[in-house]
Amino acid sequence: MPFDYGSGHINAAAAIDPGLIYDYDTNNLIDFLFSNGASVEQLKNLTGTPVYSKNPPIPSYNFNYPSIGVFNMSGNVSVYRTVTYVGEGPTVYYSKLQAITGVRTSVYPNVLRFSKSGEKLTYRIDFVPYKTSIGSFEFGSLTWRNDVHMVRSPIAVNVASV
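If you're wondering where the values come from, they're calculated on a predicted model, not measured in any experiment.

A. A look at the overall build of the protein. The number of helices and strands found in the protein is three helices and nine strands. The helix and strand sequence of the protein, counted from the amino end, reads α-β-α-α-β-β-β-β-β-β-β-β. Considered along the principal axes of its C-alpha atoms, the protein spans approximately 45 × 45 × 30 Å. Counting only residues that meet the buried cut, the protein has 31% of its 162 residues in that class. A separation of at least 24 residues holds for 65% of the contacts in the protein among residues at least 6 apart in sequence.

The following block contains the structure:
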């Protein structure tokens, strides 16, 4: 079961030249905490100043992080991620989705074309469940690959209803 695995060893060469990165900042973390039930008072204790949630809060599965997790999925869900290209010159990344049992998945666009380093592009993964996962998680992944890099995002979904 993928939750049982550790992160592995750090590959320093890959960390210096990752190809794509998933940026997030303090605001993203605050949105994530609100989407998981944190109160204004709790976040004031954390930040020292009052912060407020977007209305409605951003779903936690849209936290701009490489791993993708959707808990208690009821019907179709679209997940968004923004990646930043950190490389030299233009490049093209191609997507490959590893199938998830009981869920049809697709990624749009399925090709990311970057013209320069620092460019940001957003993609969407659509999940269409056709079978409940009976309280457990089903796993897959999305991998972006160009001529040099392979950037993998593990996916875990729990389908409550179709």
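Back to the write-up after that little detour.
B. Just the packing of aromatic side chains, in detail. Taken as a whole and judged by the stated rule, the model has nine aromatic pairs. Members of the aromatic cluster, connected to one another through ring pairs, are Tyr-24, Phe-32, Phe-63 and Tyr-65.

C. Structural detail: the packing of helix H2 (residues 26-35) against helix H3 (residues 40-47). Contact pair H2 / H3: the axes reach a minimum separation of 10 Å and the direction vectors enclose 145°. Between H2 and H3 the crossing geometry is right-handed. Packed against H2, whose contacting residues are Ile-30, Leu-33 and Phe-34, the element H3 presents Val-40, Leu-43, Leu-46 and Thr-47 at the interface.

D. Looking closely at H2. Residues Ile-30, Asp-31 and Phe-34 constitute the buried set of H2. On an axial view of H2, the arc spanned by its buried residues comes to 100°, and they lie on one face. Turning to H2, the residues buried within the fold contact H3. Just beyond H2, the residue with positive phi is Gly-37, at close to 100°.

E. Structural detail: the side chain of Thr-143. As for its position among the elements, Thr-143 is in strand S8 (residues 138-145). Residues within four places of Thr-143 in sequence aside, it is in contact with Tyr-94, Ser-95, Lys-96, Met-150, Val-151 and Arg-152.

F. Structural view of the side chain of Thr-84. Structurally, the position occupied by Thr-84 is in strand S3 (residues 77-86). Classification of Thr-84 as buried rests on a relative accessible area of 6%. The residues touching Thr-84, leaving out its near neighbours within four places in the chain, are Gly-19, Leu-20, Ile-21, Asp-23, Gly-118, Glu-119 and Lys-120.

Calculation rules
- Residues numbered from 1 in each chain as written.
- Predicted model: local features only at pLDDT ≥ 70, side-chain atom pairs only at ≥ 80, totals over all residues.
- Heavy atoms only, no water.
- Helix = DSSP H or I, 4+ residues; strand = E, 2+ residues; numbered from the N terminus.
- Buried < 20%, exposed > 50% of the residue type's maximum accessible area, 1.4 Å probe, protein only.
- Contact = heavy atoms within 4.5 Å.
- Phe/Tyr/Trp six-rings, centres within 6.5 Å; stacked < 30°, edge-to-face > 60°.
- Axes fitted to C-alpha atoms, helices over the stretch in contact; angles between N-to-C directions.
- Left-handed = near helix turned anticlockwise from the far one by under 90°.
- Arc of directions from axis to C-beta.

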